[in-house]
Amino acid sequence: MSWGTELWDQYDNLALHTQKGIDFLDKYGNFVRDRCAIELEYASKLRRLVKNYQPKKKEEEDYEYTSWQAFRNVLKEIGDLAGQREIVAETLQAKVIHGISLLSKNLRDDRKKSLTEGAQLTHTLTNQIAALERAKRNYDKSYRDAEKSIENYQKADADLNLSRADVEKHKHNMTMKCQQSDDSKNEYANQLQKSNKLQQTHYETSLPEVFNRLQEIDEKRTKGLKEFIKSAADAESSVAPIIARCLEGIVKASESIDEKEDSLKVIERYKSGFTPPTDIPFEDLSKVDAESSNYSSQNNLGINNMTQKGTMGATKLKKRVGIFGIFGSNKNTLSTDGMKEDFSDLPPNQRRKKLMAKIQEIQQKITQETAAYDGLVKMKGVYEANTMLGDPTTVDAQLNESGSRLEKLKSELKKFKMYLDAANNAQMMQHSPQQHRNMYNGQRSSRHSNGSGENEDGEDNPDDAGSLSRSASEGSVAQAQNGLNINNNGSSASPESGLGTSHTSLPGSGQGSANDNTHPEDMYYEAELLQPLGTCKALYPFDATSEGSIPMAEGEELQVIELDQGDGWTRVRRMCGASGWEEGFVPTSYIESTLYA
């Protein structure tokens, strides 16, 4: 079925319909154009959002956590999503909007041409119908005139009073009118035949061809709209797999978050490396004067407070005095961030991290500088092989500068490795059982010393910086000079071995601090007469890996000579044949103790 056959008399409606169809196509084009603008604006706002939430330089350290890293990956995926929206907009712009504009222009031109032809055909038919109407009116008039002339002739011929000339006159008029009537009749017949033929051609051939072309134009417009809608959907579906991968990346980023790992990283980041403060010893005021007691109490509290403050803000600590004489207060140069060159003002664990990062940075610089130096050497070799390329002497100055920079970097690397070794050694000493006891013993021995650490103003006291550790080791020096030996292994009664400085007895029982007025001979007999507090049984085997500890086998029975003082170690003793005793520390959680009543 075609418009030319079914809609032969709907010329005006078809013209209006095709105009509305093309206007609707333009309307869809405007819709796609506005959608492109929205897509581009959405992509732009997504990119601006990602840019606004990109990690700042001051937040780089926080992005070591899995949650922060996941968020950074989410931002990356959102940026990729923005790129896909831009691709959709560009595809719609190139394939849909441009195609609609071109199709609309062609359709309008074809429609105008067809309507112009149809208007000409209609005008021709209208003119022919008008000519037919004029011929018909002429024929009608001439026919009436002929009939009237015939009637007048008949009356004149019947009238006997008229002369023969008058009768002939009426006869001649009748003949002329009849001839005119016949001519008008023939003209009318010719115009009628011509009009019928033109009308038949107009409604059966010419105008249907115009209507069929209008139908093709409208169908072409409808088909084009169908293809454009599909192209818009294809533009969306073409990026759907990438968008799906972006969403999968977001889900993968969420699955990469590990709360346990983040907790461990928090520990690693803020762990100072200091040991918790030991118990505050009981001070028997009957054995010391009031002034020394007050000073000792204030000094001990000051040390504990200093330790707590040092562990709270590891990254912001600018001035740190060594605790218990382990970390000195050396006045080396400050770095650009206000810290000391060897980071000795930081807590132990933070110091080691900073030193390792510094060493890694220097190693990277050495690698780069070595590559540059090797490049200069190769360049010099090329110049020496072919002087036309350049003068080899021009490279010597650069080689000297590169070599001096390389030597300087190697010197810094060696220096910072020494700092790291010192920090590791200090960390090992601090975590050994003897060091725990030495700290505590040194804290007790500070009653009659001038104190150490920070003064009331928070400043360093270099004269007394090591007094705590010195007071705990003076006894061992005195015993070593007098040749005191407790067992066959050659372990002296030093604070490292724990002998002569036991705290198991109650205050006032006669066992004072290491710096009380006690002679070396008294310390010798005191250690020799030390009574066991009970027995213990090893629940698990233990291999001594730190200084001052002793190994034990599972099920072995030992004597307890000093209880756990909160540091996780218990001092025990075993019989070594008939020649002597062996003493040392074992983990409290590895034994089951039975104390004497």
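Overview of the structure. Nothing here was measured: the structure is a model prediction, and the numbers come from that model.

Cut-offs used in this document
Residues numbered from 1 in each chain as written. Predicted model: local features only at pLDDT ≥ 70, side-chain atom pairs only at ≥ 80, totals over all residues. Heavy atoms only, no water. Phe/Tyr/Trp six-rings, centres within 6.5 Å; stacked < 30°, edge-to-face > 60°. Helix = DSSP H or I, 4+ residues; strand = E, 2+ residues; numbered from the N terminus. Buried < 20%, exposed > 50% of the residue type's maximum accessible area, 1.4 Å probe, protein only. Pairing = 2+ DSSP bridges. Salt bridge = Lys/Arg side-chain N within 4 Å of Asp/Glu carboxyl O. Core = buried A, V, L, I, M, F, W, Y, C linked by side-chain atoms within 4.5 Å. Axes fitted to C-alpha atoms, helices over the stretch in contact; angles between N-to-C directions.

1. Brief notes about the packing of aromatic side chains
Aromatic rings in a pair are described by how distant their centres are and how their planes are angled relative to each other. Under the counting rule described, the total for this entry stands at 10 aromatic pairs. An angle of 5 degrees between the planes, with centres 5.7 Å apart, marks the rings of Tyr 139 and Tyr 188 as stacked. Of this pair, Tyr 139 sits in helix 3 (residues 66–158) while Tyr 188 sits in helix 4 (residues 164–238), placing them 49 residues apart in sequence. Across the pair, Tyr 188 and Tyr 139 agree in class, each one buried.

2. Remarks on the pairing of strand 2 (residues 557–562)
As paired elements, strand 1 (residues 534–538) and strand 2 share four bridges and run antiparallel to each other. The residue bridging Thr 535 from the neighbouring strand is Gln 559, located in strand 2. Relative to strand 3 (residues 569–576), strand 2 runs antiparallel, the two being bridged by three bridges. When the bridges of strand 3 are listed, Glu 562 appears paired with Arg 571.

3. Regarding the pattern of salt bridges
Taken as a whole, this structure holds 24 salt bridges when the rule is applied. Glu 361 serves as the salt-bridge partner of Lys 365, at 3.5 Å between the closest nitrogen and oxygen. In this pair, Lys 365 and Glu 361 both sit in helix 8 (residues 348–385), four residues apart, roughly one turn of the helix. A residue is classified by how much of its surface remains accessible, and Glu 361, at 34% relative accessible area, is partly exposed.

4. What to know about the nonpolar core
Among the nonpolar cores identified, the biggest contains 36 residues, and Tyr 28, Leu 92 and Phe 211 are the most heavily contacted of them. Contributing elements (two or more residues each) for this core: helix 2 (11–52), helix 3, helix 4 and helix 5 (240–255).

5. A closer look at the sheet that holds strand 4 (residues 580–587)
Judged by pairing direction, the sheet is antiparallel, and its five strands sit side by side in the order 4-3-2-1-5 without closing on themselves. Both outer strands of the open sheet, strand 4 and strand 5 (591–595), are each paired with one neighbouring strand and no more. Taken pair by pair, the neighbouring strands of this sheet meet at an average axis angle of 35 degrees, ignoring direction. Examined bridge by bridge, strand 3 and strand 4 share eight bridges and lie antiparallel to one another. Bridge pairing links Arg 571 to Phe 585 in strand 4.

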